[in-house]
Amino acid sequence: MADAVRVRFAPSPTGHLHVGSARTALFNWLYARHHRGSFILRIEDTDRSRSTEENIGSIVEALEWLGLDWDEGPPAAGYRQTERFDIYRAHAARLLAAGRAYYCDCPREQLERERQAAQARKETFRYSGRCRDRGLAAGALRLRIPQEGATVVDDLVHGPVTFEHAQLDDWILVRTDGTPTYNFCVVVDDVTMRITHVIRGDDHLSNTPKQILCYEALGYPLPEMAHVSMILGADRSRLSKRHGATSVQAFRDRGILPDAMVNYLARLGWAHGDQEIFTRADLVELFDIKDVATSAAVFDETKLEWLSHEFLKRLPGEALAPLVRPFVGAAGLAAPDDGRLARIVDTLKERAKTLVELVQVGRFYFARPASWEPAAARTYLTPEGAVRVVLLAERLGALAAWDAAAIEGVYRALTAELGVKLVELAQLTRLAVTGGTASPPIFEVLALLGRDETLARLQAARARVLAEGAA
RNA sequence: GGCCCCAUCGUCUAGAGGCCCAGGACACGGCCCUCUCAAGGCUGAAACACGGGUUCGAAUCCCGUUGGGGCCA
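Keep in mind it's a predicted model, so treat the numbers as computed, not measured.

1. Observations regarding the protein's contact with RNA strand B
So, point 1. Near RNA strand B lie 47 residues; those nearest to it are T124, G269, E350, R430 and S439.
So, point 2. By atom count, sugar and phosphate contribute 76% of the portion of RNA strand B lying within 4 Å of the protein.
So, point 3. Note that a sugar or linking oxygen of RNA strand B is positioned 3.1 Å from one of the backbone N or O atoms of R267.
So, point 4. In the environment of RNA strand B, a sugar or linking oxygen lies 2.4 Å from a nitrogen or oxygen atom belonging to the backbone of E350.
So, point 5. When contributions to the surface near RNA strand B are tallied by element, the ones reaching two or more residues are α4 (108–120), β6 (159–164), β11 (297–298), α10 (301–314), α18 (422–434) and α19 (442–449).
So, point 6. In the surface near RNA strand B, the residues fall into 16 nonpolar, 16 polar and 15 charged.

2. Topic: the environment of A413
So, point 1. Residue placement: A413 occurs in helix α17 (residues 404–418).
So, point 2. A sequence separation of 64 residues divides A413 from K349, and the C-alpha atoms of the two residues are 30 Å apart.

3. A short note on the pattern of salt bridges
So, point 1. Summed over all chains, the structure comprises 36 salt bridges.
So, point 2. The partner of E44 in a salt bridge is R42, and the shortest N-O contact between them spans 3.0 Å. Residues E44 and R42 agree in their burial class; the two are buried.

4. Regarding the layout of surface pockets
So, point 1. There is about 1100 Å³ of room inside the largest pocket.
So, point 2. Elements with a contribution of two residues or more to the lining of the largest pocket: β1 (6–9), α1 (19–34) and β8 (197–201).
So, point 3. Among the elements that line the lining of the largest pocket, the one with the most residues is α1, at five residues.
So, point 4. Of the residues belonging to the lining of the largest pocket, the class tally is 10 nonpolar, 17 polar and nine charged.
So, point 5. If you add up the space inside the second largest pocket, you get close to 680 Å³.
So, point 6. Taken together, 23 residues form the lining of the second largest pocket, with R108, L111, R115, R142 and I172 sitting closest to its centre.

5. Concerning the packing of aromatic side chains
So, point 1. Enumeration according to the criterion identifies eight aromatic pairs in this entry.
So, point 2. For the pair F85 and Y88, a centre-to-centre distance of 5.9 Å together with 55° between the ring planes defines the contact as tilted. One end of the pair is F85 and the other is Y88, both in helix α3 (residues 85–97) and three residues apart, which spans about a single turn. Take F85 and Y88: they sit in the same class, and that class is buried.
So, point 3. Ring-pair connections join several aromatic residues into one group, and the members of that group are F27, W270, F278 and F287.
So, point 4. Above the ring of F125, the side-chain terminus of R115 is found at 4.8 Å from the ring centroid.

6. Notes on the environment of R395
So, point 1. Structurally, R395 is set in helix α16 (residues 383–398).
So, point 2. Residue classification places R395 among the partly exposed residues on the basis of a relative accessible area of 27%.
So, point 3. Sequence separation of R395 and T179 is 216 residues, and the distance between their C-alpha atoms is 82 Å.
So, point 4. Excluding residues that lie within four positions of it along the chain, R395 makes contacts with V410, L414 and E417.

7. As for the pairing of strand β4 (residues 140–143)
So, point 1. Because side chains alternate across β4, one face comprises the buried residues A140 and R142, and the other comprises L141 and L143, equally buried.
So, point 2. Summarising the sheet, strand β3 (residues 101–104) and β4 pair through four bridges and their orientation is antiparallel. Across the sheet, residue Y103 finds its bridge partner in β4, namely L141.
So, point 3. As paired elements, β4 and strand β7 (residues 172–174) share two bridges and run antiparallel to each other.

8. Looking at the packing of α16 against α17
So, point 1. Taken N-terminus to C-terminus, the directions of α16 and α17 make an angle of 140°; their axes are 10 Å apart at the nearest point. In terms of orientation, α16 lies oblique with respect to α17. The hand of the α16/α17 crossing is right-handed. Mapping the contact onto sequence places R388, L391, L392, R395 and L396 in α16 and I407, V410, Y411, L414, E417 and L418 in α17.
So, point 2. For the contact of α16 with α17, the class distribution of residues is eight nonpolar, no polar and three charged.

9. Concerning the packing of α1 against helix α8 (residues 258–267)
So, point 1. Look at α1 against α8: their axes get within 9 Å of each other, and the N-to-C directions meet at 85°. The orientation of α1 relative to α8 falls into the category roughly perpendicular. Between α1 and α8, the contacting residues are V19, A22, R23, L26 and F27 on the first element and M261, V262, L265 and A266 on the second.

10. Looking at the nonpolar core
So, point 1. Within the largest apolar cluster, 105 residues are counted, with the highest numbers of intra-cluster contacts made by M261, I289 and F299.
So, point 2. If one sorts the elements of this core by residue count, α1 sits on top with nine residues.
So, point 3. Beyond its immediate chain neighbours, meaning those up to four positions away, I289 contacts F27, Y31, L156, V157, I199, A226 and V228.
So, point 4. Counting 32 residues, the second-largest nonpolar core is a separate cluster that includes I40, L95, L173 and F184.

The rules we used
- Residues numbered from 1 in each chain as written.
- Chains lettered and ligands numbered in written order.
- Predicted model: local features only at pLDDT ≥ 70, side-chain atom pairs only at ≥ 80, totals over all residues.
- Heavy atoms only, no water.
- Near = heavy atom within 4 Å.
- Polar contact = N/O pair within 3.5 Å; in protein donor to acceptor, adjacent residues only side chain to side chain.
- Helix = DSSP H or I, 4+ residues; strand = E, 2+ residues; numbered from the N terminus.
- Nonpolar A, V, L, I, M, F, W, Y, C, P; charged D, E, K, R; others polar.
- Salt bridge = Lys/Arg side-chain N within 4 Å of Asp/Glu carboxyl O.
- Buried < 20%, exposed > 50% of the residue type's maximum accessible area, 1.4 Å probe, protein only.
- 1 Å grid on protein atoms, 1.4 Å probe; cavity = no way out; pocket = protein on both sides within 12 Å on 5 of 7 lines; lining within 4 Å.
- Points joined across faces, edges and corners; volume = space filled by probe spheres on them.
- Phe/Tyr/Trp six-rings, centres within 6.5 Å; stacked < 30°, edge-to-face > 60°.
- Lys NZ or Arg CZ within 6 Å of the ring centre and 35° of its normal.
- Contact = heavy atoms within 4.5 Å.
- Pairing = 2+ DSSP bridges.
- Axes fitted to C-alpha atoms, helices over the stretch in contact; angles between N-to-C directions.
- Parallel < 35°, antiparallel > 145°, perpendicular 65-115°, else oblique.
- Left-handed = near helix turned anticlockwise from the far one by under 90°.
- Core = buried A, V, L, I, M, F, W, Y, C linked by side-chain atoms within 4.5 Å.

Any link to function would need more than the numbers given here.
Below you can see the structure in the form of structure tokens.
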């Protein structure tokens, strides 16, 4: 088991979990689960000014919601960079002692001038190397990199990518104030956590040769590298807040099912033939990082919602009821017991793409209509409609068994007697009972509402007609 | 600005030289079903960024252009 797969997800807690990061986390998780390896969570909180406890909690919560469980990481100690400064310091000292790193005291302003001069000459800025052989005892610690040759990143998704050393420079490992830089921390962390496969965003590809040089200076073997593309907004620019929802919890709050979110994220840049719907088990079995696409993908909320709808339809009411309950409460409504809620949800699930929408379209199950849709009311809540309501109420009141089939019988019979189409009575009833013109099959609705509630609502609708007539 | 990455329908993608005058899915249009809305079935419109090569043959390989993204900040 010496070569067991160990992967990590290393977010910076500077905000909520972004969907792009979530996809990176998912790919790591899938890779770990597929290979029966370990998935490690590491918090990259060296940027103390922007890292907060709240954000860590939020990220953890989002990962849990997605069902991406980690084998190592918080709350255990030692998985936050701020707890690991001694480790970075020790590695820096080793590099210094071995002559693979050196101190530099070039003033910031001078470096800035050089940078601008380089840009004016249309060249890549490289540190001049002035302090390379000065044997300084303090300052910023720089990595001594080879002057010539090239480093090639053998990327699992991109293939070999070559970087000329002439384009790289002796980058800073530890700043003058003693704080280690991001690239250095990452290398030390990945090495000490024995990460075998670094799966991360494309935006780090350019940093990779610098990191590889650091691995070599440290004398550590290289992990496999895999850089996955970024997620873009509809205008093909990096997905950001101005594109709308970008955090995982925004979709949770909207009532997207977590399995749908996982399915959608997996399909962004990855495919398995024509298959669109994947269970978690499918993904674990079929996913391979090598099959991930190289190009960036546009985030499409519409397709996400379609997937959520697909998962909603497939879930039995009993499984859905506990998921729906909090959304009923959030809408300011009271939900019945699980058994009844399950049956209600079964009539609603193919009519909603999200849990929020499901509660919206099924609102009448939890509360009497506060009003009746005006246009439909003009058509149905008429004196003639009131007469029909009375007839319906009488017969429904006399029904021996209260179930959808028996209720339908009443409607069929009355339809024949009155010489009207079923749609007339159905819509009349629907409007009276739900307040609107769209709902699950009306006989099922009445069956679920119960006889007393049905009759009460019919009566209320009739009362409205009478009140209108009097006015 | 330099370096790096990327480029098939509006979007996600299948496609690893002939199976492709390009397949699936979302969204969109039409028809059917129907107590409404959905769901479902059938169906329509919709793409290989451009230009050069290589090859008997290219969406697939190579070069360039353009466009987008990233890193250096």
